[in-house]
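# Notes for the structure review
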Amino acid sequence: DGGITQSPKYLFRKEGQNVTLSCEQNLNHDAMYWYRQDPGQGLRLIYYSQIVNDFQKGDIAEGYSVSREKKESFPLTVTSAQKNPTAFYLCASSLGPKETQYFGPGTRLLVL
Amino acid sequence: SQQGEEDPQALSIQEGENATMNCSYKTSINNLQWYRQNSGRGLVHLILIRSNEREKHSGRLRVTLDTSKKSSSLLITASRAADTASYFCATPQEDTGRRALTFGSGTRLQVQP
């Protein structure tokens, strides 16, 4: 089965803690993306990567970090600098920057 | 600035009726895409229309694109309760130079059985 997966489905963060959200795809896509979605809102771009070992900031990168060491994987770390991390996080991938994006099921991050 | 903006923000209709959602954008585009999101789930791609196309169909979906007005519409015919979801338009970020899409804030469609 080809697709994009995210884990965990739910994640709880304590004050001052860094947490990492996983995103894996086996679609052989070069491009991968992370979005944040707040209740009743649209998607805001956090980071994106068009190729392995390269990534770019999106509209709301502060308090987040990413890596792209493998084509299949694009983990997102929510650092303690992100003061309001509670949100639904979506990962996506595509063949190219203007093409159809395929989304994972999302990770809901909650703060304890 | 928001590249894609959907209108209306929310829409409630009866099963069997048609639902029309609109999207406006600001800069020239290569293509425009429509996505659907069921509550608490990831987005699913519905249809992509390129800038040289005026209309595209897929099952009960009909998308139009008017590049002179910088707008697109998504029509769902003979709606079903299962069509209840949020619908987003997305366009390449031509204005920022970023190699990514910009998503609008979405239209929340409720289809009453």
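Look above for the structure.
Residue numbers run consecutively from 1 along every chain, following the written order of its sequence. Think of it this way: whatever chain is written first is A, whatever ligand is written first is 1, and the rest follow in order. With the structure being a predicted model, the display of local features is reserved for residues of pLDDT at least 70 and the display and counting of side-chain atom pairs for 80 or more, all residues being used for whole-chain, interface and lining totals. By convention in this description, side-chain values take in all heavy atoms of the structure and omit both hydrogens and water.

### Observations concerning the state of the cysteines
Residue and element names in this part refer to chain A.
- When two cysteine sulfur atoms lie within 2.5 Å, the pair is treated as a disulfide. Within this structure, the stated rule accounts for two disulfides over all chains.
- Paired by a disulfide, C23 and C91 hold their sulfur atoms 1.9 Å apart. Where C23 bonds to C91 through sulfur, the torsion about that S-S bond is close to -75°, and the disulfide is left-handed. Of this pair, C23 sits in strand β3 (residues 19-25) while C91 is found in strand β9 (residues 87-94), placing the two residues 68 residues apart along the sequence.
- For the exposure calls, accessible area comes from a 1.4 Å probe over protein chains only, and a residue counts as buried if that area is under 20% of its type's maximum, exposed if over 50%, partly exposed in between. You can call C23 buried: its relative accessible area is 0%. Labels follow the DSSP assignment, with helices taken as runs of H or I lasting at least four residues and strands as runs of E lasting at least two, numbered in each case from the N terminus.

### Considering the packing of aromatic side chains
Residues and elements named next belong to chain A.
- Here the aromatic set is Phe, Tyr and Trp, taking the six-membered ring for Trp, and pairing holds for ring centres within 6.5 Å; pairs whose planes are under 30 degrees apart are stacked, those over 60 apart are edge-to-face, and all others are tilted. Taken as a whole, this structure holds nine aromatic pairs over all chains when the rule is applied.
- On the basis of an interplanar angle of 25° and a centroid distance of 6.3 Å, the ring pair of Y33 and Y35 is categorised as stacked. The burial state of Y33 is the same as that of Y35; both residues are buried.
- On the numbers, 5.9 Å between centres and 65° between planes, the contact of Y64 with Y89 is edge-to-face.

### Focus on the interface of chain B and chain A
- It only takes one pair of heavy atoms within 4.5 Å for two residues to be counted as in contact. The interface is formed by 24 residues belonging to chain B together with 24 residues belonging to chain A.
- Buried area: the accessible area, evaluated with a 1.4 Å probe, that two parts lose upon being put together, summed over both parts. Between chain B and chain A, the buried area comes to about 1800 Å², and carbon and sulfur atoms account for 51% of it.
- Ranking the residues of chain B by area buried against chain A places R98, R99 and F103 of chain B at the top, with a combined share of 30%.
- Whenever Lys or Arg places a side-chain nitrogen within 4 Å of a carboxyl oxygen from Asp or Glu, that contact is recorded as a salt bridge. Applying the counting criterion to the chain B and chain A interface returns one salt bridge.
- Polar contacts, as used here, are pairs of N or O atoms within 3.5 Å; protein pairs need one atom able to donate a hydrogen and one able to accept it. Residues neighboring in sequence count only if both atoms are side-chain atoms. Taken together, the connections running from chain B to chain A amount to seven residue pairs in polar contact (both at pLDDT 80 or more).
- Every element with two or more residues in the side of chain B that touches chain A is listed here: β4 (31-37), β5 (43-50), β9 (85-92) and β10 (101-103) of chain B.

### Some remarks on the environment of P113 of chain B
- Tracing the backbone through its elements, the reader meets P113 of chain B in the segment after β11 (107-112).
- Look past the residues within four positions of P113 of chain B in its chain and what remains in contact with it is Q14 and E15 of chain B.

### Focus: the pattern of salt bridges
- Taken as a whole, this structure holds eight salt bridges over all chains when the rule is applied.
- Where R36 of chain B meets D83 of chain B, a salt bridge forms, and the shortest distance between an N and an O atom there is 3.9 Å. With R36 of chain B in strand β4 and D83 of chain B in the loop between β8 (71-76) and β9, this residue pair connects regions lying 47 residues apart in the sequence.
- A residue is classified by how much of its surface remains accessible, and D83 of chain B, at 6% relative accessible area, is buried.
- Close ionic contact of E55 of chain B with R62 of chain B constitutes a salt bridge, the shortest N to O distance being 3.1 Å.
- Among the residues examined, E55 of chain B registers a relative accessible area of 39% and is labelled partly exposed.
- With relative accessibility at 31%, the residue R62 of chain B sits in the partly exposed group.
- Look at the salt bridges and you will find they share partners, linking R36, D38 and R44 of chain A into a network.

### Digging into unusual backbone geometry
- Residue P8 of chain A follows S7 of chain A across a cis peptide bond; omega there is -5°.
- With respect to the secondary-structure elements, P8 of chain A resides in the loop between β1 (4-7) and β2 (10-13).
- The linkage connecting D7 of chain B with the following residue, P8 of chain B, adopts the cis geometry, with an omega of 0°.
- Mapped onto the elements, P8 of chain B comes out in the loop between β1 (4-7) and β2 (10-14).
- For N53 of chain A, which is not a glycine, the phi torsion comes out positive at approximately 70°.
- Assignment of secondary structure puts N53 of chain A in the loop between β5 (43-51) and β6 (54-57).

### Digging into the sheet that holds strand β8 (residues 76-78) of chain A
Residue and element names in this part refer to chain A.
- Here, any two strands with at least 2 DSSP bridges between them count as paired. Across the sheet, four strands lie side by side as β1-β3-β8-β7; this open sheet has antiparallel pairing. Where the open sheet ends on each side, the last strands, each with one partner, are β1 and β7 (64-66). For this sheet, the mean inter-axis angle between neighbouring strands, taken without regard to orientation, is 20°.
- Both β3 and β8 contribute to a ladder of three bridges, which runs antiparallel. For L21, the partnering residue across the bridge sits in β8 and is L76. Fitted lines through C-alpha atoms give the axes, limited to the stretch in contact for helices. The angle between two N-to-C directions lies from 0 to 180 degrees.

Don't take any of this as a statement about function, it's just geometry.
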